[in-house]
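What the coordinates show
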Amino acid sequence: FDSNEVERIRSSFCIINDTEIVRFENCKIGIMDGDSLKMVTAGPVFIHNNIIDEIKTKAFLGISVKEEITTRRGKFNLIFSNNTVSKLEDSALDINENSFKSSFTKLLTNEICECHQWYFNLNAAVKEDMYCNGGKSDDIHYVLLKNYKEDYCTEKKFSSAILSLIIVSSIVCLILII
């Protein structure tokens, strides 16, 4: 798939057997339903430079390599790079780990960064180079997720914020009493 525009890829939309390589590049996709791609490949998978509005749970889990091929040649690469996604459901980026070694680079999500958001439960490979929206919903400003988490979501930062709030509240109370 190259340079396609699709409103919705429904479950089992694409069933392909015995392809040498899978490329999903430069596409604009509305919604990718769970289990939308059922492909058996004998080589690597490239998901590169796409704009996707929403990826549902386990959309890529149906991509695999035949067991006899992985037994002989080992796992292949599944490279997910330079993609922009407006909304990711939990487990949206799960892949068949028996068939593939994953590489996730420069994943931009338009969801607003929050400390208690589901995407902190994504596997480390996805989070390593994932960016979330550090601005407001209408003013997108991408921030590296791991930096956001370190800067705003650690217990130390949270404890410092609470301590600061207590000190400021105490000062305000003293001023009001005097």
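Quick summary incoming for the structure in this document. Sequence order sets the numbering: in each chain, residues are counted from 1 along the sequence as written. Residues qualify for local features only when their pLDDT is at least 70, as the model is predicted, and side-chain atom pairs are given and counted only at 80 or more; totals for whole chains, interfaces and linings, by contrast, use all residues. Calculated side-chain values reflect all of the structure's heavy atoms, with hydrogen atoms and water omitted.

The subject of this paragraph is the overall build of the chain. From N to C terminus, the chain includes four helices and 12 strands. Here the analysis covers contacts within the chain between residues at least 6 apart in sequence; of these, 53% occur between residues at least 24 apart. For the chain, the accessible surface area stands at approximately 10400 Å², while carbon and sulfur atoms represent 53% of it. For helices the rule is a DSSP run of H or I covering at least 4 residues; for strands it is a run of E covering at least 2, with both sets numbered from the N terminus onward. In what follows, a contact means two residues having at least one pair of non-hydrogen atoms within 4.5 Å. The Shrake-Rupley method, run with a 1.4 Å probe sphere, supplies the accessible areas, and residue values consider only the shown protein chains as cover.

Attention now goes to a nonpolar patch on the surface. For patches, a residue must show more than 30% relative accessible area and have no salt bridge; joins then use 9 Å for like charges and 5 Å for nonpolar side chains, namely Val, Leu, Ile, Met, Phe, Trp and Tyr. In the sections that follow, a salt bridge refers to a side-chain nitrogen of Lys or Arg positioned within 4 Å of a carboxyl oxygen of Asp or Glu. Together, Phe-1, Phe-13 and Ile-16 make up an exposed nonpolar region whose accessible area comes to about 260 Å². Along the chain, the position of Phe-1 falls in the segment before β1 (5-9).

This brings us to the pairing of strand β4 (residues 28-32). Two strands form a pair only when DSSP identifies at least two bridges running between them. Here four bridges tie β1 to β4, and the two strands are oriented parallel to one another. Looking at the pairing, Ile-9 lines up with Met-32 of β4. Across four bridges, β4 lies against strand β7 (residues 51-55) in parallel orientation. The residue of β7 that forms the bridge with Ile-29 is Ile-52.

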